[in-house]
Number of protein chains: 12
Amino acid sequence: MARILVLHGPNLNLLGRREPQLYGQTSLAAIDTMLRQAAAEAGHELLSFQSNHEGELVTWIQQQGAQADVLIINPGAYTHTSVALRDAVLAVGLPTIEVHLSNVYRREAFRHHSYLADVARGQIAGLGAYGYLLALQAACALLRGEIGT
Amino acid sequence: MARILVLHGPNLNLLGRREPQLYGQTSLAAIDTMLRQAAAEAGHELLSFQSNHEGELVTWIQQQGAQADVLIINPGAYTHTSVALRDAVLAVGLPTIEVHLSNVYRREAFRHHSYLADVARGQIAGLGAYGYLLALQAACALLRGEIGT
Amino acid sequence: MARILVLHGPNLNLLGRREPQLYGQTSLAAIDTMLRQAAAEAGHELLSFQSNHEGELVTWIQQQGAQADVLIINPGAYTHTSVALRDAVLAVGLPTIEVHLSNVYRREAFRHHSYLADVARGQIAGLGAYGYLLALQAACALLRGEIGT
Amino acid sequence: MARILVLHGPNLNLLGRREPQLYGQTSLAAIDTMLRQAAAEAGHELLSFQSNHEGELVTWIQQQGAQADVLIINPGAYTHTSVALRDAVLAVGLPTIEVHLSNVYRREAFRHHSYLADVARGQIAGLGAYGYLLALQAACALLRGEIGT
Amino acid sequence: MARILVLHGPNLNLLGRREPQLYGQTSLAAIDTMLRQAAAEAGHELLSFQSNHEGELVTWIQQQGAQADVLIINPGAYTHTSVALRDAVLAVGLPTIEVHLSNVYRREAFRHHSYLADVARGQIAGLGAYGYLLALQAACALLRGEIGT
Amino acid sequence: MARILVLHGPNLNLLGRREPQLYGQTSLAAIDTMLRQAAAEAGHELLSFQSNHEGELVTWIQQQGAQADVLIINPGAYTHTSVALRDAVLAVGLPTIEVHLSNVYRREAFRHHSYLADVARGQIAGLGAYGYLLALQAACALLRGEIGT
Amino acid sequence: MARILVLHGPNLNLLGRREPQLYGQTSLAAIDTMLRQAAAEAGHELLSFQSNHEGELVTWIQQQGAQADVLIINPGAYTHTSVALRDAVLAVGLPTIEVHLSNVYRREAFRHHSYLADVARGQIAGLGAYGYLLALQAACALLRGEIGT
Amino acid sequence: MARILVLHGPNLNLLGRREPQLYGQTSLAAIDTMLRQAAAEAGHELLSFQSNHEGELVTWIQQQGAQADVLIINPGAYTHTSVALRDAVLAVGLPTIEVHLSNVYRREAFRHHSYLADVARGQIAGLGAYGYLLALQAACALLRGEIGT
Amino acid sequence: MARILVLHGPNLNLLGRREPQLYGQTSLAAIDTMLRQAAAEAGHELLSFQSNHEGELVTWIQQQGAQADVLIINPGAYTHTSVALRDAVLAVGLPTIEVHLSNVYRREAFRHHSYLADVARGQIAGLGAYGYLLALQAACALLRGEIGT
Amino acid sequence: MARILVLHGPNLNLLGRREPQLYGQTSLAAIDTMLRQAAAEAGHELLSFQSNHEGELVTWIQQQGAQADVLIINPGAYTHTSVALRDAVLAVGLPTIEVHLSNVYRREAFRHHSYLADVARGQIAGLGAYGYLLALQAACALLRGEIGT
Amino acid sequence: MARILVLHGPNLNLLGRREPQLYGQTSLAAIDTMLRQAAAEAGHELLSFQSNHEGELVTWIQQQGAQADVLIINPGAYTHTSVALRDAVLAVGLPTIEVHLSNVYRREAFRHHSYLADVARGQIAGLGAYGYLLALQAACALLRGEIGT
Amino acid sequence: MARILVLHGPNLNLLGRREPQLYGQTSLAAIDTMLRQAAAEAGHELLSFQSNHEGELVTWIQQQGAQADVLIINPGAYTHTSVALRDAVLAVGLPTIEVHLSNVYRREAFRHHSYLADVARGQIAGLGAYGYLLALQAACALLRGEIGT
């Protein structure tokens, strides 16, 4: 049994209410429940956290990263502006999967760059809440060693 | 029953032999077999094609696109250089999922830009051959209407 | 009677003490009092908040935005670096007026770009504390429907 | 009693008729009347001028600038292309307030740069014809010495 | 006896009054008189013109250029923004000497580029009103054939 | 019977005399006569105008645009520098065809950008005076509804 | 009697079906027929070809270019990415007219650059299928020597 | 006796554990102890603080800056992204020495720019924990007036 | 005895006929004969291929690369646009020498960048057909181990 | 009597022999003689020096600068690459006039930037050897105080 | 006992006399004496050199580098322009500490880039002559192995 | 019998000792001997020179260039920074072959640009000391007229 971390960045607590045509209608709580169940079925523990504070996200990665095995992260707006999050991910050294609900490449140019992309293992973008589920599957496959270096 | 297209760009016919530390050890034939089986289990037909020719890839999309429902595409090197492929995808109007085996953001700067990214529904990158399987799942979810616009 | 939000970003709590040749000699408390009185005279309620924390600013917009009618925001340094604030403003969907005390175009080049400018209704810059008062008038005019789309 | 100049750039003579969804439905004559009355109430004289000619705008600033106290300017398209207007404003040395009817930051990239912004005292943008009224108030406050350097 | 044209761009009519620390204290009339006398001493006729209008400057070059031998031009602000002036100079095909009163390289970055520089024979900059006198000497030397191609 | 406007920018009054190897040997008057005849044969009225003044070109579009049906414009040097012309074209809302005598892409880099290109219906470039005739045909086809949106 | 070549790039075989709001409703076959008839009326032979393959387009230019007199080319997506096509056009040395159905300047930024523009004689863009007809007229005028160098 | 502030940015609490090949093996507590002792030997009081929160770092500078004499700051990741920290340093007006453990110029390009560099007195980079000791010496020399303006 | 591959890109089949002032007067067949003889003299087998098709070039590298020892490649126009060729060279892992007939640095700016340059061992440019002969010598020296890593 | 320095950069010792169509046919010795005579006539001493060594130019400025009054400098190629020369000019603090024989704006783009331009008083370019004479006149005028700050 | 090299670039021989508000009032000889004494106290030999010649600096590094242990270098203006110095430092492979007297980040943009920064171990900037003393300490600590890789 | 010049730039005197994995193990003396012998066999005289001084390299080209027939140059670091070398090569007008030992395109971005590339006849790069031998052969072929213009 492994421990899977799921981290949600700023404004993701509004999911389901905020610009649903862009981000979908599922709430963050529903997503977390769905992910926890899917992880449990795969025999893993899943811990999730959301914050609007860059510093809290950094601290959570530092604290939880030591006793976890893989990280799924949707850094929201901090994707494009936070070197601190990147450094935290580098510091704990967990294999990381980056998720974006919307297709960031259809949006403002500043959303095309991610400070996490080259330190993560992979990215899943544009597939809504379903993208989290795919990320979880990828995390499980990583844990099973089915995805090479 | 829907029809799912899977398109592989240049040099992907070398999979398993070419730079395995970067692209993995599974051959393209094995990937196609795996995808076809998974699609069949979901009740769908899956048609795949590989070519080193930009023009053949464009023509195949034109010809197969009319009677298909979704497109999974790994354009390989043409990701970064082909407007013709982008135009073919726009022309057939299929929902499209872009797959990359390696994490393109860890590599040369010219691999960070994709001519398909903003016309595709979503991207899956850096997860090796497993990424194709996730893309297939996403395709099935799209067909079931489980991923919003 | 409408509710008007006024949000002040980092270091604005130092107003009156910090670089007065640049930012003026009025304290933030005095500005808030002045704005609250002016709003009351126009028959509106005004709620203001200052924080040095990007996350607290985001959270306050989320919490207060739902039951408010218009937002006046001086994001201070976060103007130039915070996509999270932009996303919060987009999420609550309030008509927003951006205020800057100093003329940002006379200063360092990185102050010429604002992540809020194109999601706000308008900007008022370079007019010191008086700019807040103008923003309040603009907010009232917006509420009266005197400013078109 | 002070003298306030109001200068309108090219195509602003079409106000009310030209792209009303962008520029509003008030005519320039109505705006000038409104401003003249408001100035009179504040005890000031207000002189306004519109031209489609860059050279006429420059000449008018030169001629009127010597016996005036403050300048309100909406340079229209010349905002983005005229160094000559900038030089005229520098030459007469009047405190200047720049006004834009529309939110230039929501429009084409070339409208994000202003040759006047860093030589003006402040900017008011995106608030339609009401922005002129705010600029007039700011001008009066400047004359009263209520806005610091 | 040759005919020498001297053309002054926008705001140069303010010379002596406008920012004297930057542009000096000699009036444009004084400069023109000085140049006319110096030309007469060299046996040449000198015709000068100033306008704030780009179009008038273009037209004057067209009209006077046909019966003149050399052009001295200080395009002022139009140096940096006018392709029309460049085209007029190209059209009449006169050898041209570009003059700037101030050292444009010490000023805003947009003043470092000139649309005339590569179609002129040479430039004299930063030497105040004296620069016009040097340009006149250069023009005379050009007419005497003392400056090669 | 429709009314077709033809507008010529700065220095085009020199056609036939100015750099004939670049711009051809036909005078502007000859071109206008040719166009007027061709328009008459197609049953349309044609009105043409040339100016070296940006402001006059703007004013003419404003004045003639209201009672005309289509605009053929060769903005000359203002192609590359005039936002005011672009705004005038946007303001009158006429379908517009942009003409250039020379192939601007073989010339200086600053001639590769046009402020009109994306607000015009189409462009014809590099085909000399004959390009005006093609533009007239295109204008007639537009009026006949033979060119879609 | 001269020989006129007409070359259509990738995805143009879909004309009439592909994004008709952008590219119109006429099929490529209809366009070719129209052009062949118009050429015949002018006493010329017209040969046309379409391919999705960059290499086939290059080869066709090489093979047909030797015994032809003028080339009309709509390179489609290869406009923006193919140096090989540019080199083929340079190699055969035919006078060339570049055609685009849509107004490329209203679309993605990468469509604003053409590798052919500065080696072609001229361009016609944004006028739909009618643009081909204008290009044919221009080709005939070129053959008659009515368009100067 | 003077008061010296030492401020550590995000992820520096992990020192000794995080990527030791890059950041060394000394813990932050050990560094603080070392610095406090060295300061005491020089007769000064030293106060240190670490936070992962941009806002807390800003607030600490505001609160401690008023009664301190010099600031040593290693802003970590916020070096490259925080205008708010820069503004706080400007606001308190303390002479400031910027420290980086690693040689930022050997790393990702985004680490080559610092928002603090031009408002600090000097920089010490690439010398590991020893760099803090050098910064302390520099701070003492500044207090003794041994380093000019 | 080793096997040496020689690959010629698009339009090189025209050598001797195409722009001889730029590319020389030797035909490609003559070059291939010359190279085959020189290779035979050195005791090596030499296989050459030309294509205008990017895909055929990629496929030929894939097919011939497995049983060859060194690759001499003149990618012609694809030098500047083909990531697929680069990837094919990377995939087969042959030591590669890049040849250009003309001095690409004297030509258009887009010819200054090569997608092959940093994956090849070395470059020979600007020396006409003779450059192929030098490349062959370099290939032989590589095979003899006379050129270090 | 003042002392005027004249400094010539690399390759200027070849004047008269090197590319005469670009740099003229007068030798450097002739120029120096001409300048020395003209200076003597004005009652000044003139000292000149040429070197191909950046370091020698720097040292000469340091050594001669202390007892001189004005510097005329044609830095040749070092104009575009030498910060050391700029620093030497700044260090001695002499009023400086920059001379270029050719019109640098008609040549390669890297010749458009000068490291001296903004620390010199003025520039004279494109007027051949005659430009040195004009520079000498300007130097004399500077010494007479006839050119303001 | 180790040998420490100290290298001073162009214009540093003027220290104490040149722009003292920027570079301080201590002469280079005084700095060298101070450094030699401090090195002697630490039991090391210190050799210093200054030159205005890039080539002499390169040669000195080559000659002295072989029998030395660490290099302290203030390349002055060559920091920003000399690849040759960088290559010399790379060639001798000595651990290197880069020193700048002034805070280069407060000065012209071209001073923000250093060709040495990423090949040096660390940088000390903006601390005047005292920065050399800190660099010496760092050198000694390096020699003692107290600074990790 | 012709005279061939061989010029080596800074740090090349260290060949064989400096970073041998990058530059090989042959000393410069050995290379010069090898080249002199090969030239002698071809019946030519060969003169070589190395310097770390930009000025000495320029002077040597000036002095030797007049009585030589071809120049082989490896400018080392000055490739990327010296306009003076470029000007010297232009001044003497010798056909020039540029040599680089390492593949500069695999190294730092600033090594991808050469100030000599477009004034040289050709380039040979990445082939170690053997590249000099190929350059000599090219020089001989040039002298025999076997390489066209």
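This text goes with the structure placed above it.
Mind showing me how you'd approach the overall build of chain A here?
Summing up its helical and strand segments, chain A has 5 helices and 5 strands in all. Listing each helix as α and each strand as β along chain A from the N terminus yields β-α-α-β-α-β-α-β-β-α. For 149 residues, the compact-globule formula gives about 15 Å, and the C-alpha radius of gyration of chain A, at 14 Å, lands near that figure. Across its three principal axes, chain A shows a C-alpha extent of roughly 40 × 30 × 30 Å. Burial status across chain A gives 64% buried among its 149 residues. In the form shown here, chain A has an accessible surface area of approximately 4900 Å², with 49% of it arising from carbon and sulfur atoms. Distance between charge centroids for chain A: 5 Å, based on 10 positive and 12 negative side chains.

Could you clarify how one ought to interpret the interface of chain I and chain B in this entry?
Accessible area lost when the parts come together is the quantity often used to give the size of an interface. Across the boundary between the two partners, chain I contributes 16 residues, which contact 16 residues of chain B. Carbon and sulfur atoms supply 52% of the area buried between chain I and chain B, which totals about 1300 Å² over both sides. Area buried by chain I at its contact with chain B is led by Gln 62, Val 83 and Asp 87 of chain I, which between them contribute 36% of it. Scanning the region where chain I abuts chain B turns up 2 salt bridges. With a shortest N-O distance of 2.8 Å, Glu 108 of chain B and Arg 86 of chain I are connected by a salt bridge. The interface formed by chain I and chain B holds 7 residue pairs in polar contact (both at pLDDT 80 or more) in total. Mapped by element, the contributors of at least two residues to the side of chain I that touches chain B are helix H3 (54-65) and helix H4 (83-92) of chain I. Tallying contributions element by element places H4 of chain I first for the side of chain I that touches chain B, with 7 residues. Counted by class, the side of chain I that touches chain B contains 7 nonpolar, 5 polar and 4 charged residues.

Honestly, the relation of the copies chain B and chain A in this entry has me stumped. Any pointers?
Two copies of the chain are present, and they differ by a rotation about an axis and a shift along that axis. Note on the identical chains: chain B maps onto chain A by a rotation of 180° and an axial translation of 0.0 Å, with an RMSD of 0.0 Å. Such a combination of rotation and displacement between the chain copies is what one expects of a two-fold axis. Proximity to the rotation axis, assessed at the C-alpha, singles out Ile 124 of chain B in chain B; its C-alpha lies 2.3 Å from the axis. A shared binding surface is used by both copies, with 100% of the interface residues of chain B retained as interface residues in chain A.

I would appreciate a short explanation of the pattern of salt bridges in the present structure.
The tally for this structure, following the rule as stated, stands at 72 salt bridges over all chains. Note that Glu 45 of chain C is salt-bridged to Arg 3 of chain C, the shortest N-O span being 3.2 Å. In this pair, Glu 45 of chain C is assigned in strand E2 (residues 45-50) and Arg 3 of chain C in strand E1 (residues 3-8), connecting sequence segments 42 residues apart. Here Asp 118 of chain I and Arg 86 of chain I are joined by a salt bridge, their closest N and O atoms 2.7 Å apart. You can see Asp 118 of chain I sitting in the loop between strand E4 (96-100) and strand E5 (122-125) and its partner Arg 86 of chain I sitting in helix H4, a full 32 residues away along the chain. Among the ionic contacts, a cluster of salt bridges with common partners joins Arg 86, Asp 87 and Asp 118 of chain A together with Glu 108 and Arg 111 of chain H.

For this particular structure, what's the right way to read the sheet that holds strand E2 (residues 45-50) of chain G?
Neighbouring strands of a sheet are bound in pairs by backbone hydrogen bonds; such pairs are parallel or else antiparallel. The 10 strands are arranged E2(F)-E1(F)-E3(F)-E4(F)-E5(F)-E5(G)-E4(G)-E3(G)-E1(G)-E2(G) in an open sheet whose pairing can be described as mixed. The sheet is open, and its two edges are formed by strand E2 (45-50) of chain F together with E2 of chain G, each paired on a single side. Between one strand and the next, the sheet's axes are offset by a mean angle of 15°, whatever the strand orientation. Sheet analysis places strand E1 (residues 3-8) of chain F next to E2 of chain F, joined by 6 bridges and oriented parallel. Paired with Leu 5 of chain F across the strands is Leu 47 of chain F, a residue of E2 of chain F.

What should I look at first to understand the pairing of strand E1 (residues 3-8) of chain D in this one?
Residue and element names in this part refer to chain D. Most of E1 sits out of view: 6 of its 6 residues are buried. Judged by which residues are buried, E1 turns out to be covered on both faces: Arg 3, Leu 5 and Leu 7 on one side and Ile 4, Val 6 and His 8 on the other are all buried. Pairing of E1 with strand E3 (residues 70-74), which is carried by 5 bridges, proceeds in the parallel orientation. When the bridges of E3 are listed, Val 6 appears paired with Ile 72.

Please clarify how helix H5 (residues 130-143) of chain H should be interpreted in this entry.
One turn of the α-helix equals 3.6 residues, which is why residues spaced by three or four share an orientation. All names here are of chain H. Look at H5: 20 Å from first C-alpha to last across 14 residues, which is about the 20 Å you get at 1.5 Å a residue. A large share of H5 lies buried, amounting to 11 of its 14 residues. Every buried residue of H5 is listed here: Tyr 130, Gly 131, Tyr 132, Leu 134, Ala 135, Leu 136, Ala 138, Ala 139, Cys 140, Ala 141 and Leu 142. Remark: Gly 145 follows H5 within two positions and exhibits a positive phi of approximately 75°.

For this particular structure, what's the right way to read the state of the cysteines?
One covalent bond between the sulfur atoms of two cysteine residues makes up a disulfide. All chains considered together, the criterion is met by 0 disulfides over all chains. Unpaired in this structure, Cys 140 of chain B has its nearest cysteine sulfur neighbour in Cys 140 of chain A, at a distance of 19 Å. The exposure class assigned to Cys 140 of chain B is buried, which follows from its relative accessible area of 6%.

Before we go on, may I ask you to explain the interface of chain B and chain A in this structure?
Listed per partner, the contact involves 25 residues of chain B and 25 residues of chain A. For the pairing of chain B and chain A, the buried interface totals around 2200 Å² over both sides, and the portion due to carbon and sulfur atoms is 52%. Summed over the three residues of chain B that lose the most area to chain A, namely Tyr 105, Leu 127 and Tyr 130 of chain B, the buried surface amounts to 27% of that side. At the boundary of chain B and chain A, one finds 0 salt bridges. In this assembly, chain B and chain A are joined by 12 residue pairs in polar contact (both at pLDDT 80 or more). Of all elements in the fold, only strand E5 (122-125) and helix H5 (130-143) of chain B reach the threshold of two or more residues within the side of chain B that touches chain A. In terms of residues, the side of chain B that touches chain A owes the most to one element, H5 of chain B, which gives 5 residues. Class assignment of the residues belonging to the side of chain B that touches chain A gives a composition of 13 nonpolar, 7 polar and 5 charged.

Just to check I follow, could you spell out the environment of Glu 41 of chain H for this structure?
Residues and elements named next belong to chain H. With respect to the helices and strands, the residue Glu 41 is situated in helix H2 (residues 28-41). When its relative accessible area of 72% is taken as the criterion, Glu 41 is described as exposed. Counting along the chain gives 39 residues from Glu 41 to Ala 2, while the straight-line C-alpha distance between them is 12 Å.

In this structure, what is going on with the arrangement of the chains? I would like to understand it.
A gap remains between chain B and chain C, with no contact made and the closest C-alpha atoms lying 18 Å from each other. Left apart from each other, chain E and chain I have a closest C-alpha approach of 20 Å.

It is not clear to me how the packing of H3 of chain I against H4 of chain I should be interpreted in this structure. Could you clarify?
Two numbers describe a pair of packed helices, the interaxial angle and the distance between the axes. Residues and elements named next belong to chain I. Interhelical geometry of H3 versus H4 gives an angle of 5° and a closest axis separation of 9 Å. As judged from the angle between their axes, H3 and H4 are roughly parallel. Judged by residue contacts, Glu 54, Leu 57, Val 58, Ile 61, Gln 62 and Gly 65 of H3 engage Ala 84, Leu 85, Ala 88, Val 89 and Val 92 from H4. The class makeup of the residues in the contact of H3 with H4 is 8 nonpolar, 2 polar and 1 charged.

Would you explain the packing of aromatic side chains in this entry?
Any two aromatic rings considered together are summarised by their centre-to-centre distance and by the angle between their planes. All names here are of chain D. If you walk through the whole model with that rule in mind, you get 24 aromatic pairs over all chains. An angle of 15° between the planes, with centres 5.3 Å apart, marks the rings of Phe 49 and Trp 60 as stacked. With Phe 49 in strand E2 (residues 45-50) and Trp 60 in helix H3 (residues 54-65), this residue pair connects regions lying 11 residues apart in the sequence. Classification of Phe 49 by relative accessible area gives partly exposed; the value is 24%.

So what exactly am I meant to see when it comes to the side chain of Thr 96 of chain D here?
Residue and element names in this part refer to chain D. Checked against the element boundaries, Thr 96 lands in strand E4 (residues 96-100). Its relative accessible area of 1% is what places Thr 96 among the buried residues. Here Leu 94 takes part through its backbone oxygen, which lies 2.9 Å from a polar atom of the side chain of Thr 96. If we skip the residues at most four places from it in the chain, Thr 96 touches Leu 71, Ile 73, Val 89, Ala 120, Arg 121 and Gly 122.

Which parts of the structure should I look at to understand the sheet that holds strand E4 (residues 96-100) of chain L?
Across the sheet, which stays open at both edges, the 10 strands sit in the order E2(I)-E1(I)-E3(I)-E4(I)-E5(I)-E5(L)-E4(L)-E3(L)-E1(L)-E2(L) with mixed pairing between neighbours. Both outer strands of the open sheet, strand E2 (45-50) of chain I together with strand E2 (45-50) of chain L, are each paired with one neighbouring strand and no more. Going across the sheet, the axis of each strand differs from the next one's by a mean of 15°, ignoring polarity. Of the strands in this sheet, strand E1 (3-8) and E2 of chain I are in contact with helix H2 (residues 28-41) of chain I, which crosses E2 of chain I at around 165°.

I would appreciate a short explanation of the relation of the copies chain I and chain B in the present structure.
The transform that puts chain I on chain B rotates by 120° and translates by 0.0 Å along the axis, for an RMSD of 0.0 Å. On this basis, the relationship between the two copies can be described by a three-fold rotation axis. Residue Thr 81 of chain I of chain I places its C-alpha closer to the rotation axis than any other residue of that unit, at 4.0 Å. A low fraction, 19%, of the interface residues of chain I reappear at the interface in chain B, so the copies pair through non-equivalent surfaces.

Calculation rules
- Residues numbered from 1 in each chain as written.
- Chains lettered and ligands numbered in written order.
- Predicted model: local features only at pLDDT ≥ 70, side-chain atom pairs only at ≥ 80, totals over all residues.
- Heavy atoms only, no water.
- Helix = DSSP H or I, 4+ residues; strand = E, 2+ residues; numbered from the N terminus.
- Rg over C-alpha atoms; globule rule 2.2 N^0.38 Å.
- Buried < 20%, exposed > 50% of the residue type's maximum accessible area, 1.4 Å probe, protein only.
- Areas by Shrake-Rupley, 256 points an atom, 1.4 Å probe, with all protein chains shown as cover.
- Lys, Arg positive; Asp, Glu negative; His and termini not counted.
- Charge placed at Lys NZ, Arg CZ, Asp CG, Glu CD.
- Contact = heavy atoms within 4.5 Å.
- Buried area = accessible area lost by both parts, 1.4 Å probe.
- Salt bridge = Lys/Arg side-chain N within 4 Å of Asp/Glu carboxyl O.
- Polar contact = N/O pair within 3.5 Å; in protein donor to acceptor, adjacent residues only side chain to side chain.
- Nonpolar A, V, L, I, M, F, W, Y, C, P; charged D, E, K, R; others polar.
- Least-squares fit on C-alpha atoms with pLDDT ≥ 70 in both.
- Pairing = 2+ DSSP bridges.
- Axes fitted to C-alpha atoms, helices over the stretch in contact; angles between N-to-C directions.
- Expected span 1.5 Å × (residues − 1).
- Disulfide = S-S within 2.5 Å.
- Parallel < 35°, antiparallel > 145°, perpendicular 65-115°, else oblique.
- Phe/Tyr/Trp six-rings, centres within 6.5 Å; stacked < 30°, edge-to-face > 60°.

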